[in-house]
Amino acid sequence: MKKSKVNTKKRVIVFSVLAVLLIAGVILFCLFGLPYIRRHYQTVHVNRAEAAAMEPVDMGDMKGLIVYFTRVGNTDFEPDVDAVSSASLMEENGTLIGNAELLSEMIANATGFNTYAIKVKDRYSSSYEDTVAEANEENKSGTIRELDGELPDLEAYDSIFLVYPLWWWTLPQPVKTFLTETDLTGKTLYSVVTHGGSKFGNAAEDTAELTAATISPDALEVYDDDVTKAAPKVAAWLEGL
Ligand SMILES: Cc1cc2nc3c(=O)[nH]c(=O)nc-3n(C[C@H](O)[C@H](O)[C@H](O)COP(=O)(O)O)c2cc1C
């Protein structure tokens, strides 16, 4: 009788501890796991025109070109947007929009400058994890991703806005290819980096090694989850240039 009372007490304690652990687990998952899943495995719906709407910014007599690279358009995504494994990709009416692409659109809307999209011949895998692995591999081996289409004629421009996602704390290999294959002597380069937390990583140092352009110290970084609401930050940055 005495023994069974002790056993029951033990069971109650064990169940109570398990219940507390379970509740704590659920709370931690909701706080940290859900935002992670949302950011890394779900496309976020966006009203593109609203997100990229900007008041005009007077850039003086600057002749700028916006050059951007983004995962969208450089990846073999499945036609079904819902099946896409993505890191903070955005979608409007079934069309995917990359973070760097939306940032470029904001800059274009504010300045009226033209945009040029860097495209690769050999696209990256549709899986986010595979792209991360491919990018790591080509960084290590120094493999050059051949670019698709003609490079832009830069004659008419004195300033280049280079907009790209941070990959492995540096510029994606195709952006490095772009800098290697263009002569930016005499032009000013403004970097706009979108990232998942590493801010500029080593991008500034790596850019300096790849181009003859004058690199402006006024670079802009935007956390990937904040891109849809980055318009005021982009406007303030442009106004300060
Ligand atoms: C291959 C790869 C490597 C990445 N490496 C980093 C990194 O080192 N640091 C970081 O903060 N974010 C990293 N990210 C996250 C992206 O920089 C971030 O989600 C960015 O906003 C994506 O922009 P996009 O939609 O224009 O491609 C990486 C993403 C990919 C696909």
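This write-up is about the structure you can find in this document. None of these values were measured; they are calculated from a predicted model.

## Remarks on the site of the ligand
Thought 1: Of all residues adjacent to the ligand, which total 23 residues, the nearest are Thr70, Pro165, Gly196, Ser198 and Asp224.
Thought 2: Secondary structure elements with two or more residues in the shell around the ligand: helix H3 (99-111), helix H4 (128-141) and strand S7 (188-195).
Thought 3: Residue contributions to the shell around the ligand peak at three residues, all from H4.
Thought 4: Along the lines of polarity and charge, the residues of the shell around the ligand split into 10 nonpolar, 11 polar and two charged.

## Overview of helix H7 (residues 231-239)
Thought 1: Of the residues making up H7, those classed as buried are Ala231, Val234, Trp237 and Leu238. The buried residues of H7 occupy one face: seen down the axis, they fall within an arc of 130 degrees. Among the exposed residues of H7, those pointing more than 90 degrees away from its buried face are Pro232, Ala236 and Glu239.

## As for the sheet that holds strand S4 (residues 95-97)
Paired through backbone hydrogen bonds, the strands of a sheet run either parallel or antiparallel to each other.
Thought 1: Read across the open sheet, the three strands follow the order S1-S3-S4; overall the sheet is mixed. Whereas interior strands pair on both sides, the edge strands pair on one side only; in this sheet they are strand S1 (44-45) and S4.
Thought 2: Pairing of S1 with strand S3 (residues 90-92) involves two bridges; the strand directions are parallel. From the neighbouring strand, histidine 45 faces S3, where its bridge partner is glutamate 91.

## As for the nonpolar core
Thought 1: Residues Leu103 and Val234 are the most contacted members of the largest nonpolar core, which totals 46 residues.
Thought 2: It is H3 that provides the largest number of residues to this core, a total of six residues.
Thought 3: Sequence-distant contacts of valine 234, that is, excluding residues within four places in its chain, are made with Leu103, Met106, Ile107, Ala110 and Leu220.

Conventions we followed
Residues numbered from 1 in each chain as written. Predicted model: local features only at pLDDT ≥ 70, side-chain atom pairs only at ≥ 80, totals over all residues. Near = placed C-beta within 6 Å. Helix = DSSP H or I, 4+ residues; strand = E, 2+ residues; numbered from the N terminus. Nonpolar A, V, L, I, M, F, W, Y, C, P; charged D, E, K, R; others polar. Buried ≥ 20, exposed ≤ 12 C-beta atoms within 10 Å, placed from the backbone. Arc of directions from axis to C-beta. Pairing = 2+ DSSP bridges. Core = buried A, V, L, I, M, F, W, Y, C linked by C-beta atoms within 7 Å. Contact = placed C-beta atoms within 7 Å.

The quantities given are spatial measurements derived from coordinates; they are silent on function.
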